[in-house]
Amino acid sequence: RRVLFRSLTCQWISGTHFSAQQQAARDGATIVNYLSRMYKTAYPDQELDVAQTFHVSMTCNLESAYLYVHWLNTDTDPHSYEMETIKRSFLAEEESVAPLRRFVRNLADWACDTRLSSLRAAASTLESKCQNNKSLRLLPLSSLLSDGTTANRSEEHTSELQSHHD
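Note that the coordinates shown come from a computational prediction; the quantities given were computed from them, not determined experimentally.

Asker: I keep staring at helix H3 (residues 94–132) and nothing clicks. Help me out?
Answerer: Each turn of an α-helix holds 3.6 residues, which means side chains three or four residues apart point in the same direction. In a regular helix each residue adds 1.5 Å, so 39 residues correspond to 57 Å; H3 covers 54 Å between its end C-alpha atoms and thus fits that length. Maximum bend of H3: about 40°, positioned at Ala111.

Right, here's the structure in full:
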């Protein structure tokens, strides 16, 4: 059985971006939720790091593309899933598409290196815990941060992704 932790999802649409944005918001929240649960189960004594659990999505039609970042905001009570536009591109203009392509390539490079290493380490830790405790399951969302820990609000991952291929 294969488990995929996507670093980028995309909604292709034939009309406006509104319905695709709604679907991207649902997908992003689901992915962030499961990444957060996985890391909190693997490392219960560590604070969640937004750089490990954020997700990027794109909506695209024949004219434009939007990139969004999704994360778990632990500064609110109750915690909330956030989504913010980070790039916009008009597909008919090369000077508008080039920065989008650079960002997506940087994201892919980062996902295949830094994020993949982090996911492998967490999966290995979970595998060891499961061998020692057959009843281990991912922590429910309600207990994610009930011990008072908070997520590290790191904005460096976005600027790092933007500058890698510049």
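Asker: I keep staring at the sheet that holds strand E3 (residues 64–73) and nothing clicks. Help me out?
Answerer: Whenever strands of a sheet pair, they do so through backbone hydrogen bonds, lying parallel or antiparallel. What the 4 strands build is an open sheet, ordered E1-E2-E3-E4; its pairing is mixed. Strands with a single pairing partner mark the edges of an open sheet, and in this sheet they are strand E1 (8–12) and strand E4 (80–90). Averaged over all pairs of adjacent strands, the angle between their axes in this sheet comes to 20°, without regard to strand direction. In terms of strand pairing, strand E2 (residues 55–60) meets E3 through 6 bridges, oriented antiparallel. Each residue of the ladder has a partner; that of His55, found in E3, is His70. In the packing of helix H1 (residues 18–42) onto the sheet, contacts are made with E1, E2, E3 and E4, and the angle to E3 comes to roughly 35°.

The rules behind these values
Residues numbered from 1 in each chain as written. Predicted model: local features only at pLDDT ≥ 70, side-chain atom pairs only at ≥ 80, totals over all residues. Heavy atoms only, no water. Helix = DSSP H or I, 4+ residues; strand = E, 2+ residues; numbered from the N terminus. Expected span 1.5 Å × (residues − 1). Bend = angle between axes of the 7 residues up to and from the residue. Pairing = 2+ DSSP bridges. Axes fitted to C-alpha atoms, helices over the stretch in contact; angles between N-to-C directions. Contact = heavy atoms within 4.5 Å.

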